[in-house]
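Single-letter residue listing:
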Amino acid sequence: MEKLPNIHPGEILKEEFLKPYKLTVYRLAKETKMPATRLAEIIKGKRRITADTALRLSKFFGTTPDFWLGLQMEYDLREELEKKKEEIEKIPNIEKLHLVS
């Protein structure tokens with residue numbers, strides 16, 4: 001089975017929110033009181049979604065902050081696993097250690 005690419009939350013912001021609503025980064029920045037550079041960097045995948053950004057996006061789009069932070073967390077976990085996969089796989093499961101019960 002082919003592995004799906006890890007999608008940055010900025011790509012979801014762009015494709016699922018900005019494009020359908022025909023919003024520009026400038027307009028979103030203005031309405032949410034965020035710097036346009038912050039949003040542009042998020043969309044380019046060069047910046048994370050912070051709690052502040054999640055709160056502002058959730059208010060504007062009628063979502064929850066958890067939605068935005070969840071996207072970021074999932075992205076971060078997949079990136080980290082990809083980097084450290086071999087190391088993580090070497091960690092034993094506690095049940096396999098036969099500890100005293």
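Further up the page is the structure itself.
Predicted, not measured: the structure shown is a model, and the values here were computed from it.

A. Spotlight on a nonpolar patch on the surface. Together, L81, I88 and I91 line one region of the surface with nonpolar side chains, adding up to about 280 Å² of accessible area. Considering the arrangement of structural elements, one finds I91 in the segment after α5 (65–89). In this structure I91 comes out as exposed when scored by relative accessible area, which is 55%.

B. Structural context of the packing of helix α1 (residues 9–21) against α5. Look at α1 against α5: their axes get within 9 Å of each other, and the N-to-C directions meet at 135°. As judged from the angle between their axes, α1 and α5 are oblique. When α1 is examined against α5, the residues P9, I12, L13 and F17 are found in contact with a partner set consisting of F67, W68, L71, Q72 and Y75. Tallied by class, the residues present in the contact of α1 with α5 amount to eight nonpolar, one polar and no charged.

C. Expanded view of α1. In this model, α1 (13 residues) spans 17 Å end to end at C-alpha, consistent with the 18 Å of a helix rising 1.5 Å per residue. All of the buried residues in α1 are P9, G10, I12, L13, F17 and L18. Immediately beyond the C-terminal end of α1, within one or two residues, lies K22, with a positive phi of roughly 55°.

D. Fine view of the layout of surface pockets. Considered as a void within the structure, the largest pocket measures approximately 190 Å³ in volume. Residue lining of the largest pocket: K3, L4, P5, N6, R78, E79, L81, E82 and K85, and that is the complete set. Taken together, the residues of the lining of the largest pocket break down into three nonpolar, one polar and five charged.

E. Focus on the pattern of salt bridges. On inspection of all chains with the given rule, the structure shows eight salt bridges. The closest approach of N and O atoms between D52 and R38, which form a salt bridge, is 2.8 Å. Of the two residues, D52 sits in helix α4 (residues 51–61) while R38 sits in helix α3 (residues 36–43), which places them 14 residues apart along the sequence. Since its relative accessible area comes to 31%, D52 is described here as partly exposed. According to the relative accessible area criterion, R38 is buried, its value standing at 15%. Residue D52 is joined to R56 by a salt bridge in which the shortest nitrogen-to-oxygen separation is 3.0 Å. A residue pair is termed a helical-turn pair when its members lie 3 or 4 positions apart in one helix, as D52 and R56 do in helix α4 at four residues. Salt bridges here are not isolated pairs; linked through shared partners, they connect R38, D52 and R56.

What counts, and at which threshold
Residues numbered from 1 in each chain as written. Predicted model: local features only at pLDDT ≥ 70, side-chain atom pairs only at ≥ 80, totals over all residues. Heavy atoms only, no water. Patch = residues over 30% accessible without salt bridge, like charges linked within 9 Å, V, L, I, M, F, W, Y side chains within 5 Å. Areas by Shrake-Rupley, 256 points an atom, 1.4 Å probe, with all protein chains shown as cover. Salt bridge = Lys/Arg side-chain N within 4 Å of Asp/Glu carboxyl O. Helix = DSSP H or I, 4+ residues; strand = E, 2+ residues; numbered from the N terminus. Buried < 20%, exposed > 50% of the residue type's maximum accessible area, 1.4 Å probe, protein only. Axes fitted to C-alpha atoms, helices over the stretch in contact; angles between N-to-C directions. Parallel < 35°, antiparallel > 145°, perpendicular 65-115°, else oblique. Contact = heavy atoms within 4.5 Å. Nonpolar A, V, L, I, M, F, W, Y, C, P; charged D, E, K, R; others polar. Expected span 1.5 Å × (residues − 1). 1 Å grid on protein atoms, 1.4 Å probe; cavity = no way out; pocket = protein on both sides within 12 Å on 5 of 7 lines; lining within 4 Å. Points joined across faces, edges and corners; volume = space filled by probe spheres on them.

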